[in-house]
Amino acid sequence: MEDRLIALEQRQVRFEQQVTEKLDAMVPPEEYEKAIGIRDTQIAKLREACSELQNELDRKDEQIKHLENRDEEIDHNILEAAEMNKEELEGVQNEFAVQFEGLNSDLKAESDKLEEKLIATTEEINGSLREAKEALNDQLRNVDEKLKAACKTIEDHKQKKGNKAEIEKMIADLANQTKRQIDNLYNKVIEIKETIESQIAQTRKELDDALRESAFKKLKDCYEIKIPREEIIEAILIEQESVDELDLHNCGIAEFAEYWANALKYFRKIDKLFLGSNKLREEAAVEIFEKLDMENLKELHLDENELTSAAFSALSRVLERNYQIEKLYLGGNVPKSFGIRSISESLSICNGLTHLSLYKCELNDEALEPLCEGLASIYSLESLHLEDNEIGPLGVQKLIPLMKQSREFRELFIHMNRLGVEGVKAVLETVKDINSFRVLWIHNNEVPSDELTRLQAITLDLSDYYL
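Calculation rules
Residues numbered from 1 in each chain as written. Predicted model: local features only at pLDDT ≥ 70, side-chain atom pairs only at ≥ 80, totals over all residues. Heavy atoms only, no water. Helix = DSSP H or I, 4+ residues; strand = E, 2+ residues; numbered from the N terminus. Buried < 20%, exposed > 50% of the residue type's maximum accessible area, 1.4 Å probe, protein only. Areas by Shrake-Rupley, 256 points an atom, 1.4 Å probe, with all protein chains shown as cover. Core = buried A, V, L, I, M, F, W, Y, C linked by side-chain atoms within 4.5 Å. Phe/Tyr/Trp six-rings, centres within 6.5 Å; stacked < 30°, edge-to-face > 60°. Axes fitted to C-alpha atoms, helices over the stretch in contact; angles between N-to-C directions. Parallel < 35°, antiparallel > 145°, perpendicular 65-115°, else oblique. Contact = heavy atoms within 4.5 Å. Polar contact = N/O pair within 3.5 Å; in protein donor to acceptor, adjacent residues only side chain to side chain. Pairing = 2+ DSSP bridges. Salt bridge = Lys/Arg side-chain N within 4 Å of Asp/Glu carboxyl O. Patch = residues over 30% accessible without salt bridge, like charges linked within 9 Å, V, L, I, M, F, W, Y side chains within 5 Å. Lys, Arg positive; Asp, Glu negative; His and termini not counted. Charge placed at Lys NZ, Arg CZ, Asp CG, Glu CD. Bend = angle between axes of the 7 residues up to and from the residue. pLDDT = per-residue confidence, 0-100.

**Q** Please provide a residue-by-residue account of the overall build of the chain, values included.
**A** In terms of regular secondary structure, the chain is built from 12 helices and 9 strands. Relative to its 467 residues, the chain shows a buried fraction of 35%. Of the roughly 28,700 Å² that the chain leaves accessible, carbon and sulfur atoms contribute 49%.

As structure tokens, then:
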């Protein structure tokens, strides 16, 4: 600002000199006074501009001084806050140590109880097995006694020189009876063995379920006491590698996205992951998606999370790493056209995809085009949810080839859109020629009542049809 002011003053001096020289050289004597007036006016304007610039420079200096004072005040507040946070942090750490020790003790106690239950159940099964063995021995002794009695009877008949044919028939009957008893005993042993194995398997399943439920209960307790520490999550979940389904629906994980992103690495074997209704939005979603990589993931629920286009872009990388996914639920988000285009490219490699849900995502005809292009290579698609969007007749024309190409396409939910008469009729005519089709919801699509009556005359063989 000062440089600009100096430049203006220099320009003023040069201008005065130039005016004087030109007036002396060019202006006639009779117009000299008039030129002098014009020069004075311009000089006055320049001085006024210089004065305004000086005032502006003074205001900037005052603002700079004010900001410097504000910085000093902020530094002072930061120092005070740091001292306070240090004391609070020490308190939280102490509380964390106490709570974590208590949680570990409770978990160990419950594990001991379950182990005692397993031992008791095993002893009970062993007792039942001993009783069954004793019963079998008793029956075998009875059979042995009957055989001895039969042999004695045969000897008696021999001594009395009885009928030979009668003795042979008696021996054959006795042998058949003995064989039947032995077969019955064998079948009973097999039945007891299967029962015991079933009881053992059921007991182990109950123990696994109880341990898993106990672990998640402890995790919930940790969040209720407001200690969302990564150490707690790792300590509780580190033994959960065998879990095949994880339901975190509406658990408020967005607040602790960093910890959950690290914790989910212990669940690499799960095939179903429920993360819906957590309001992940953008930052938390990107944090989790960047680390989400599971070997067997088949079903992923992310509905009602207010995911943005940036979150969908991060999700596309998840799909590239987990291309074996079969069911993907993304309804109730705001991906916009850019977000849809991002995941469409990744969906093209998910060759086993059967279910896709994009309800209430503000999809229009423009966004539907890249989506259909991405799904063009998927021949396994069975169900598609596109309800409560802004799809019109042009979007339907992009959708129809996709419906025809899939071998197992059977469900379409496209109600509450803007298909109009033309779009609804095109869908009905297409569905009529697809043998595998079973469910169609296409109501509330801006169709006048008189046209709706004519469309209802189109006969469709469906199990669930709502026009």
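**Q** Quick one: what's the story with the nonpolar core, residue by residue and with numbers?
**A** L386, L412 and L440 are the most contacted members of the largest nonpolar core, which totals 77 residues. Taken together, the elements giving at least two residues each to this core come down to α5 (257–263), α6 (283–289), α7 (309–321), α8 (336–347), α9 (365–374), α10 (393–405) and α11 (420–432). Looking at this core element by element, the count peaks at 6 residues for α7.

**Q** Describe the packing of aromatic side chains, listing the residues and the values that go with them.
**A** One pass over the full model with this rule turns up 3 aromatic pairs. Judged by centre distance (5.6 Å) and plane angle (65°), the ring pair of F413 and W441 falls under edge-to-face. Taken together, the positions of F413 in strand β7 (residues 411–413) and W441 in strand β8 (residues 439–441) put the pair 28 residues apart, joining distant regions of the chain. On the accessibility criterion, W441 (28% relative accessible area) is partly exposed.

**Q** Now, about the packing of α8 against α9: what can you tell me, with residues and values included?
**A** At their nearest, the axes of α8 and α9 sit 8 Å apart, and the two run at 10° to each other. On the basis of the axis angle, α8 is roughly parallel to α9. On α9, the residues that touch S337, I340, R341, S344 and L347 of α8 are E366, A367, P370, L371 and G374.

**Q** Describe α9, listing the residues and the values that go with them.
**A** Looking only at α9, the buried set comprises A367, L368, P370, L371, C372 and G374. Taken together, the buried residues of α9 touch α8, β5 (355–357) and α10. Taking the backbone nitrogen of E366 as reference, a side-chain oxygen 3.2 Å away marks N364 as the first, capping residue of α9.

**Q** Help me get a handle on the sheet that holds strand β2 (residues 272–274), residues and values and all.
**A** Taken together, 9 strands build an open sheet; the order of strands is β1-β2-β3-β4-β5-β6-β7-β8-β9 and the sheet is parallel. The open sheet has two edge strands with one neighbour each: β1 (245–247) and β9 (464–466). The mean inter-strand angle of the sheet, taken between neighbouring strand axes irrespective of direction, is 5°. Across 3 bridges, the pairing between β8 and β9 is parallel. Looking across to β9, one finds that V439 is bridged to D464.

**Q** Tell me about the pattern of salt bridges, residues and numbers included.
**A** A complete count under the given rule lists 9 salt bridges for this structure. Between E429 and K432 there is a salt bridge, with the nearest N and O atoms lying 3.2 Å from each other. Placement of the pair is E429 and K432 together in helix α11, with a separation of 3 residues, close to one helical turn. Looking at E429, the relative accessible area reads 30%, which means it is partly exposed. The class for K432 is partly exposed, based on a relative accessible area of 44%.

**Q** How would you explain the side chain of S344 if you had to name every residue and give the values?
**A** Relative to the assigned elements, S344 resides in helix α8. Separated by 3.4 Å, the side chain of S344 and the backbone oxygen of P370 make a polar contact. With sequence-adjacent residues up to four places away left out, S344 is seen in contact with P370, L371 and G374.

**Q** Could you give an account of a negative patch on the surface, naming the residues involved and the relevant values?
**A** Taken together, the side chains of E258, E282, E283 and E287 define an acidic patch exposed on the protein surface. Checked against the element boundaries, E258 lands in helix α5.

**Q** Please give an account of the side chain of N445 that cites residues and values.
**A** Tracing the chain through its elements places N445 in the loop between β8 and α12 (449–455). One polar contact links the side chain of N445 to the main-chain amide nitrogen of R418, over a distance of 3.4 Å. In this structure the side chain of N445 is engaged in a polar contact, spanning 3.3 Å, whose partner is the backbone nitrogen of L419. In contact with N445, other than residues within four places in its own chain, are I414, H415, M416, N417, R418, L419, G420 and V424.

**Q** Go over α10 with me, naming the residues and quoting the values.
**A** Helix geometry: α10 is bent most strongly at L399, by close to 30°, with proline P401 lying one to four residues after it. Those residues of α10 lying buried are G395, V396, L399, I400, L402 and M403.

**Q** Describe the environment of Y323, and please don't skip the residues or the numbers.
**A** In this fold, Y323 is placed in the loop between α7 and β4 (327–329). Residues Y323 and L353 lie 30 residues apart in sequence; the distance between their C-alpha atoms is 8.8 Å. Leave out the neighbours within four places in its chain, and Y323 touches I349, C350 and N351.

**Q** Account for unusual backbone geometry, naming residues and giving values.
**A** Of note, the phi angle at E306 is positive, near 55°, even though the residue is not glycine. Along the chain, E306 falls in the loop between β3 (299–301) and α7. On the basis of relative accessibility, which here comes to 35%, the residue E306 falls in the partly exposed class. Positive phi outside glycine occurs at M416, with the angle close to 60°. By the secondary structure assignment, M416 is in the loop between β7 and α11.

**Q** Which residues make up the confidence of the model for the chain, and what are the values?
**A** Across the chain, the average pLDDT comes to 76, with 63% of residues at 70 or higher. This stretch, residues 222–232, has a pLDDT under 50; its non-local contacts, to residues over four places away or in other chains, come to 24 contacts.

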